[in-house]
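Per-entry structural report
For reference, the chains in residue letters:
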Amino acid sequence: MLKHKGFPGRLTGTDFQFTIRRANLKEGASKIIRRERFKDRKFVDRKADEAFLAALWACFGEEVFERGNLDAGRLSWLFGREVVAAEDPFDPASYDALLRIDVKRAEAAFPAVFAPDAPEIRFDEDDGEDWE
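Residues numbered from 1 in each chain as written. Predicted model: local features only at pLDDT ≥ 70, side-chain atom pairs only at ≥ 80, totals over all residues. Heavy atoms only, no water.

1. A few points about the sheet that holds strand β1 (residues 65-66)
- Spatially, the three strands line up as an open sheet ordered β1-β3-β2, and their pairing is antiparallel. The sheet terminates laterally at β1 and β2 (83-85), the two strands that pair on one side only.
- Note: β2 against strand β3 (residues 98-101), three bridges, orientation antiparallel. From the neighbouring strand, V84 faces β3, where its bridge partner is R100. (Pairing = 2+ DSSP bridges. Helix = DSSP H or I, 4+ residues; strand = E, 2+ residues; numbered from the N terminus.)

2. Description of the environment of R74
- Mapped onto the secondary structure, R74 falls in helix α2 (residues 72-76).
- One polar contact links R74 to D49, side chain to side chain, over a distance of 2.8 Å. (Polar contact = N/O pair within 3.5 Å; in protein donor to acceptor, adjacent residues only side chain to side chain.)

3. Overview of helix α1 (residues 43-60)
- With 18 residues, α1 should reach 26 Å at 1.5 Å per residue; the first-to-last C-alpha distance of 26 Å fits that figure.
- On its buried face, α1 is in contact with β1, α2, β2, β3, α3 (103-109) and α4 (111-114). (Expected span 1.5 Å × (residues − 1). Contact = heavy atoms within 4.5 Å.)

4. As for the side chain of R41
- Positionally, R41 belongs in the segment before α1.
- With a relative accessible area of 12%, R41 lands in the buried category.
- For R41, the side chain forms a polar contact with the side chain of D49, separated by 2.4 Å.
- In contact with R41, not counting residues within four places along its chain, are R46, D49 and W77. (Buried < 20%, exposed > 50% of the residue type's maximum accessible area, 1.4 Å probe, protein only.)

5. Considering the pattern of salt bridges
- Counted under the stated rule, the structure contains four salt bridges.
- For R41, the salt bridge is made with D49, and the minimal N-O distance between the two is 2.4 Å.
- What makes D49 buried here is its relative accessible area of 1%.
- Between E50 and K47 there is a salt bridge, with its nearest N and O atoms 2.6 Å apart. Pair noted here: E50 and K47 are both in helix α1, with a separation of three residues, about one helical turn.
- Take K47: its relative accessible area is 35%, and that puts it in the partly exposed class. (Salt bridge = Lys/Arg side-chain N within 4 Å of Asp/Glu carboxyl O.)

6. Some remarks on the pairing of β3
- Burial along β3 is one-sided: L99 and I101 are buried, and none of L98 and R100, which face the opposite way, are.
- The pairing of β1 with β3 spans two bridges and is antiparallel. Bridge pairing in β3 places F65 opposite L99.

7. Considering the confidence of the model for the protein chain
- A residue-level look at the protein chain finds 91% of positions with pLDDT of 70 or above and a mean pLDDT of 87.
- Within the protein chain, the lowest mean pLDDT, 90, falls on α4, and the highest, 97, falls on β3.
- Here residues 125-132 scores under 50 on pLDDT; set against residues more than four positions off or in separate chains, the count is 14 contacts. (pLDDT = per-residue confidence, 0-100.)

8. Quick look at the environment of A48
- The topology assignment puts A48 in helix α1.
- The buried category is assigned to A48, whose relative accessible area is 0%.
- Along the chain, A48 and F16 lie 32 residues apart, while their C-alpha atoms are 6.8 Å from each other.
- Setting aside chain neighbours within four positions, we find A48 in contact with L11, F16, F18 and R74.

As structure tokens, this is what we get:
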């Protein structure tokens, strides 16, 4: 499993996880699914989605990226909309799965991430540590 060095492990000040520490050797990777986002979601949930997309954009931009240690649950909130499969066939239960940001849809859903005056992404000092 590829570990994305420097990618934030979680949303600062919360328990919203962005990465996993180690691969699940027993059961394999959790499957990425498209989760429905309803309009009545909590503000903090929407902020977690925005922060995760901002981190993806800061780290990968328009480039194709490998799922690696990115959290399947957090990816699932964006999958099929702002984050899409970059390969066919796509294996949603593989750490090697290739993804990309659909910039048009991401910009429409999260304009603050792409704004010229968007704040720089800051990662916690302990984020990106090499977990064994």
